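Each chain, written out:
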Amino acid sequence: MHTNPLIISKPVAGIADLPALGMDATSIVNDFRRYFSHTLGRDKMCLAAYHVYTSLALSLRDRLVERWKNTQYAYEELNCKRTYYLSLEFLMGRTLGNAMLNLDVDTATSEALRNLGLVLEEIADQENDAGLGNGGLGRLAACFLDSCATLQLPVMGYGIRYEYGMFRQKIENCAQLEEPDHWLRDGNPWEIERPEHTLRVQFGGRSEYFHDGDGRLHVRWVDSSDVMAVPYDIPIPGYRNGTVNTLRLWKAAATDEFNLNEFNAGSYTEAVAAKNAAEHITMVLYPNDSSENGKELRLRQQYFLASASLQDVLRNWTAVHGGNFSQFADKNCFQLNDTHPTCAVPELMRLLMDEHRLTWDQAWNITRHTVAYTNHTLLPEALERWPVRMFGRLLPRLLEIIREINARFITEVALRWPGDIDRQRRMSIIEEGDDPQIRMAYLAVVAGCSVNGVAELHSQLLQKHLFHDFFELFPTKFNNKTNGVTPRRWLAWSNPRLAALITRTIGDGWITALDQLQRLAPHADNPAFRAEWHAIKLANKEDLAKMVERDCGIRFASGALFDVQVKRIHEYKRQLLNLLHVIHLYDRIKRGDTANWTPRCVLIGGKAAPGYQMAKRIIKLACSVARVIHEDPATDGLLKLAFLPDYRVSAMEVICAGTDLSEQISTAGKEASGTGNMKFMMNGALTIGTLDGANIEIREEAGADNFFLFGLTAEEVESQRSSYDPDAIIAADEDLTRVLRLISAGHFSLFEPGIFEPIVQAVSNPYDPWMTAADFRSYIEAQQRVAQTYRDRDSWTRMSILNTAASGKFSSDRTILDYNRDIWRLPQVPAWPVK
Ligand code: F85
C-alpha cells in the first residue's frame, strides 16, 4: 500500500464536533454577513451582487454539510446496498433556490434579507446555471438525484466536472451563435474539492502478460499515459428530511511525472506544457444530443468517468471488506444513463481481474449482476459505436476484454440457435466490416441485469425492433421505467403562486406524494376556485411576458393563448410543423380570415447542435417569421411569435408556470419519452401532441377529453412510409400549398433569397423521415380545437385544473420507486438527526 501524503495518519477527536447551526432566519443572515465581510472581505461599499450571492450560498452550504455528514454516517452504519448513477451529464441548473426550499428556510430567509434591503430573487438571479448536460437525459439525472435524496435512498451520482458546460446561445441576424459557458469563472460555492481522494486513470500503452508466484497468468497495463481524476462533491438535499446525498464530479489533472527524455534534452518547458493535454479531457461538454460518433476526446471522457468512479467504489469496498468480493454484487448497483458510461462494463472486469485478482467467471458474475442499462433513444444515428481501431489504441486492455465477452456471448447465441450465422452476425457486439465498430448498446444489453426504456411505447419498441434478438434470448431483462420530473423544482419552487393555492386547498402532502393532486379534481367545478386558478396563470404569464420582452424585444399580451415549444432543435421534434402552423395563421390574417379569432403568442426556444445545419436553418426560419409578424401591423393583437435565445433550466422555471399550451409534436415513435411535457402538465398547461413517448401516458392520465391529439400513430408512420407522397398531400391542401409558397417566395428571407429552400425541399421529400406533411392537416385541425376551447375560459380552466390533478404519475419519485422496486432494491435510510 502506498501512503497518501494528503491524509493524516489518525483521526483527530473533536476536530469536527461543532454545535448545530441555527435554522432560523437570524442565524442564517448573521452567517451570511460574516461570509460577506470576513470570508470574502467585502464591505458596504462593495455590493457586487455576485459576492452577496456567494455569501448566502456559503451559509446555506454549511447547513447542508451538517446533514450531509449525518446522512453518510447513517449509510455507513447500516452498511447496506448502494446504487451509483453513472452519467456523462447532470443538468443541475441553479442550486440556491432548491437548497432553500429543501432546507425549509426559503420564506424566513427571504424576509430577513428584505429587512437588510436585499431581494432574494435578485440574489438568486446571480447564479449561473450548472449546464452540464444537453437536454432531457441530463435533466432526468438531476431530477432523479432530487428524488433519491427525498426518498432517503443511498444513491450517489458520478459525473464529469466540465470546465465549460452547454454553450450559451446568442441570436444575431436570426442565426445561432455559440459562446463558451465559463460557468466556474466566479467560483462555485456548492462544490467541495477532495484532492485526497484523487485517482489515476490510464490511457494507451499495452497489455503485458505474466505469471504470479502460484503460476497463475495475469495481465498488467504498461507504458500508459496517465491522467489524475480529482473529485468535487456537490450536496444533494432531500425535501425537508435531513438527508443529503452526493453528486461526485471528476476533473482531469496532469500527473506530476516528467517525461525524463524530454527533461534531459533540456525541454523542461515543453515537458511541463505537455501536461496541459491531460486536463483537456474534462474541458468541455459535447453539445450534441443525437450524433457524435468517433470523436476520440469523447471516448476519453467516457472512460475517464467509468474508471475513476469504479476505482472509487472499489477503494471504499476494499477499505471495509479487504479482498473479499463475495458480497459485492449484493451491495452495489451501477445504473448506466444511456450507453455513454458503458466502458464501465469492461473496466469493472479489468479492475476485478487485473487489480483484485478475481477469475474471469468471478468477475463476470459480479459485472452481470451489478450493471443496469437505461436506453433513451431509438434513432440509429444516436446509437453509440466506436471504431475498434481507435478503441484499441486508446484502451487496449479493455478491447481484449470486450472481445472475450463477445466470443463467449456468440457461443451462447450459437447454442441457442445452432447454425444461425446471420443471427450471430446481427447480435455481435463487434460489427464486422471494413472498419469494425463496437456497438455499445449491445455490450450494455449483454452485460446488464436490466435494460429499460423510458416510456411504455419506447420500451415496447425496444423489444420489437432495436433489441428484438436480445429480447428473445433474455426476455426477463427488459422492462419499462416511465420518466418523471421532480415536483419540488418543477412546481413547488418554479410556481409559488400555484403551489400556495394547491397547498391551501389540499394541504402540502402533494410535494412528496404527488398523486394527492387528484384531490384538486373536484374543485375544477367550483367557479371561485377556477377564478383563482385563472388569475394565477395570468400572473405567471405576465412574468413570462417580461422575460420574452427582455430577451426577444417582443411584447406578449397576457390575455392571449401562450403556445410554447421549448426543447433541443431537431427535425424529429418537428419545430418546423409548429412554424408551418404559425405561417398558416399569418396567412389567414393576411387573407382577412379572422372571424372568431383567438389571439395567440407562440414561443419557441432551444439550442441546435453547432454542426447540425438543418436545425440551425429552422432557428433562422423561426426568427425570420417572428420578425415579419412583429413588423406587420395586420397581426397586432392577433398573433405573435418569438424565438427565445439560450433556453436552459432556469428559463424553463419561468416558462412552465406561464404556459397555456404545451407543444409535444414529434413524429410518433421517435421521442423516447419527453420530460418537458410533464413539467407543463403539472403546471396546468394543456398538451397538443402525437401518440409518442410519454404523451400517450399523459393522455391516459388526463383523459382523452383533456388532451389535443393529432397525427399518425407510430405504426401508421412505419406502414405509410413506403407509399408516402408529400407532393400529393401538398397539392390537395390549399393551406399547406400557400404556406410553402410563402416560404419559397422569400417572404421571410427578402434579403437572403433561397435560404429556406432546403426546408421546403425537406417537407416535399418522399423520403422525409419525419413525415411532416402527413400530419399537417390533422395538426391544423387540432390547433383549431385548441383555439376554440381557449375562447371558453371556463372549460379551458377546468381542463387545466384536471391536467394538474392528473399529473401525479409523472413525479420522478414514482419513477425512482419503480427503479428501486424492480432493479436496485435499496432500503430507505433516515439520516442521523442534527443535534
Ligand atoms: C432524451 N435523450 C430523449 N439525449 O430524447 C427524451 O425523449 C427523453 O425524455 C430524455 O432523454 C430522458 O429520458 C437525450 O436527451 C441526449 O442528450 C444525448 C446526449 C449525447 C448523445 C446522445 C444523446 C451522444 C453523445 C451519443 C451524441
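Scope of this entry: the structure provided in the associated data block.

Helix and strand counts for the chain come out as 34 helices and 25 strands. Computed over its C-alpha atoms, the radius of gyration of the chain comes to 28 Å, within 12% of the 28 Å expected for a compact globule of 835 residues. When the backbone C-alpha atoms are referred to their principal axes, the chain occupies close to 90 × 75 × 60 Å. Residues classed as buried in the chain amount to 60% of the 835 residues present. Look at the contacts in the chain between residues 6 or more apart in sequence, and 78% of them connect residues 24 or more apart.

So, about the packing of aromatic side chains. Counted under the stated rule, the structure contains 30 aromatic pairs. Each ring, one from Tyr442 and one from Phe470, has its centre 4.6 Å from the other, and the planes form 55°; the classification is tilted. Of this pair, Tyr442 sits in helix α17 (residues 440-447) while Phe470 sits in helix α19 (residues 468-473); the two residues are 28 residues apart in sequence, bridging distant segments of the chain. Under the relative-accessibility criterion, Tyr442 is labelled buried at 15%. What makes Phe470 buried here is its relative accessible area of 1%. Between Phe467 and Phe478, the aromatic rings sit 6.2 Å apart at their centres with planes inclined by 45°, giving tilted as the arrangement. Taken together, the residues Phe467 in the loop between α18 (456-466) and α19 and Phe478 in strand β19 (residues 478-480) connect sequence positions 11 residues apart. For the pair shown, Phe467 and Phe478 are each scored as buried. Among the aromatic residues, those joined into a ring-pair cluster are Tyr373, Phe409, Tyr442, Phe467, Phe470, Phe471, Phe474 and Phe478. For Arg161, the ring lying beneath its charged end belongs to Tyr232, and the centroid distance is 4.0 Å. Seen from the ring of Trp417, Arg423 lies directly overhead, with NZ or CZ sitting 3.9 Å from the centre.

Buried residues of helix α30 (residues 734-744): Asp735, Leu736, Val739, Leu740, Leu742 and Ile743, and no others. The buried residues of α30 occupy an angular sector of 155° when projected down its axis, which confines them to one face. In α30, those exposed residues whose orientation departs by more than 90 degrees from the buried face are Glu734 and Arg741. On its buried face, α30 sits against α23 (575-590), α29 (726-731), α31 (757-764) and α32 (772-791).

Not every one of the 22 residues close to the ligand is listed here, only the nearest: Leu137, His376, Asn483, Glu671 and Gly674. Glu671 has a polar side-chain atom sitting 2.7 Å from an oxygen atom of the ligand. A distance of 3.3 Å separates an oxygen atom of the ligand from a polar atom in the backbone of Ala672. Taken together, the residues of the shell around the ligand sort by class into five nonpolar, 11 polar and six charged.

All chains considered together, the criterion is met by 71 salt bridges. Asp543 serves as the salt-bridge partner of Arg497, at 3.0 Å between the closest nitrogen and oxygen. On the criterion of sequence distance, the pair formed by Arg497 in helix α21 (residues 496-506) and Asp543 in helix α22 (residues 527-552) is long-range, its members being 46 residues apart. Here Asp543 falls in the partly exposed class, since its relative accessible area comes to 32%.

The residue Asn4 is located in the segment before α1 (25-39) in this model. By relative accessible area, Asn4 is classed as partly exposed at 29%.

Our next topic: a negative patch on the surface. Among the surface-exposed residues, Glu456, Asp515, Glu700 and Glu701 lie close enough to one another that they form a single negatively charged patch. Take Glu701: it is sitting in helix α27 (residues 695-702). For Glu701, a relative accessible area of 37% puts it in the partly exposed group.

A word on the packing of helix α13 (residues 360-370) against helix α15 (residues 396-416). Closest axis-to-axis distance for the α13/α15 pair is 13 Å, and the angle between their directions is 85°. Judged by the inter-axis angle, α13 sits roughly perpendicular to α15. Contacts between α13 and α15 pair Trp360, Asp361 and Trp364 from the former with Ile401, Glu404, Ile405 and Arg408 from the latter. Per-class residue counts for the contact of α13 with α15 are four nonpolar, no polar and three charged.

Taken together, six strands build an open sheet; the order of strands is β22-β21-β20-β23-β24-β25 and the sheet is parallel. Because the sheet does not close on itself, it has two edges, and the strands there are β22 (639-644) and β25 (708-709). Relative to strand β21 (residues 600-605), strand β20 (residues 561-566) is paired through six bridges, and the arrangement is parallel. In the strand pairing of β21, Val564 is matched with Leu603.

The next point concerns the packing of α30 against α31. Two elements in contact, α30 and α31, have axes whose closest approach is 9 Å; the angle formed by their N-to-C orientations is 155°. Viewed along their axes, α30 and α31 adopt a mutual orientation that is roughly antiparallel. Here α30 runs over α31; the crossing is left-handed. Contacts between α30 and α31 involve Leu740, Ile743 and Ser744 on the former and, on the latter, Glu757, Val760 and Val763.

Rules behind the numbers
- Residues numbered from 1 in each chain as written.
- Predicted model: local features only at pLDDT ≥ 70, side-chain atom pairs only at ≥ 80, totals over all residues.
- Heavy atoms only, no water.
- Helix = DSSP H or I, 4+ residues; strand = E, 2+ residues; numbered from the N terminus.
- Rg over C-alpha atoms; globule rule 2.2 N^0.38 Å.
- Buried < 20%, exposed > 50% of the residue type's maximum accessible area, 1.4 Å probe, protein only.
- Contact = heavy atoms within 4.5 Å.
- Phe/Tyr/Trp six-rings, centres within 6.5 Å; stacked < 30°, edge-to-face > 60°.
- Lys NZ or Arg CZ within 6 Å of the ring centre and 35° of its normal.
- Arc of directions from axis to C-beta.
- Near = heavy atom within 4 Å.
- Polar contact = N/O pair within 3.5 Å; in protein donor to acceptor, adjacent residues only side chain to side chain.
- Nonpolar A, V, L, I, M, F, W, Y, C, P; charged D, E, K, R; others polar.
- Salt bridge = Lys/Arg side-chain N within 4 Å of Asp/Glu carboxyl O.
- Patch = residues over 30% accessible without salt bridge, like charges linked within 9 Å, V, L, I, M, F, W, Y side chains within 5 Å.
- Areas by Shrake-Rupley, 256 points an atom, 1.4 Å probe, with all protein chains shown as cover.
- Lys, Arg positive; Asp, Glu negative; His and termini not counted.
- Charge placed at Lys NZ, Arg CZ, Asp CG, Glu CD.
- Axes fitted to C-alpha atoms, helices over the stretch in contact; angles between N-to-C directions.
- Parallel < 35°, antiparallel > 145°, perpendicular 65-115°, else oblique.
- Pairing = 2+ DSSP bridges.
- Left-handed = near helix turned anticlockwise from the far one by under 90°.

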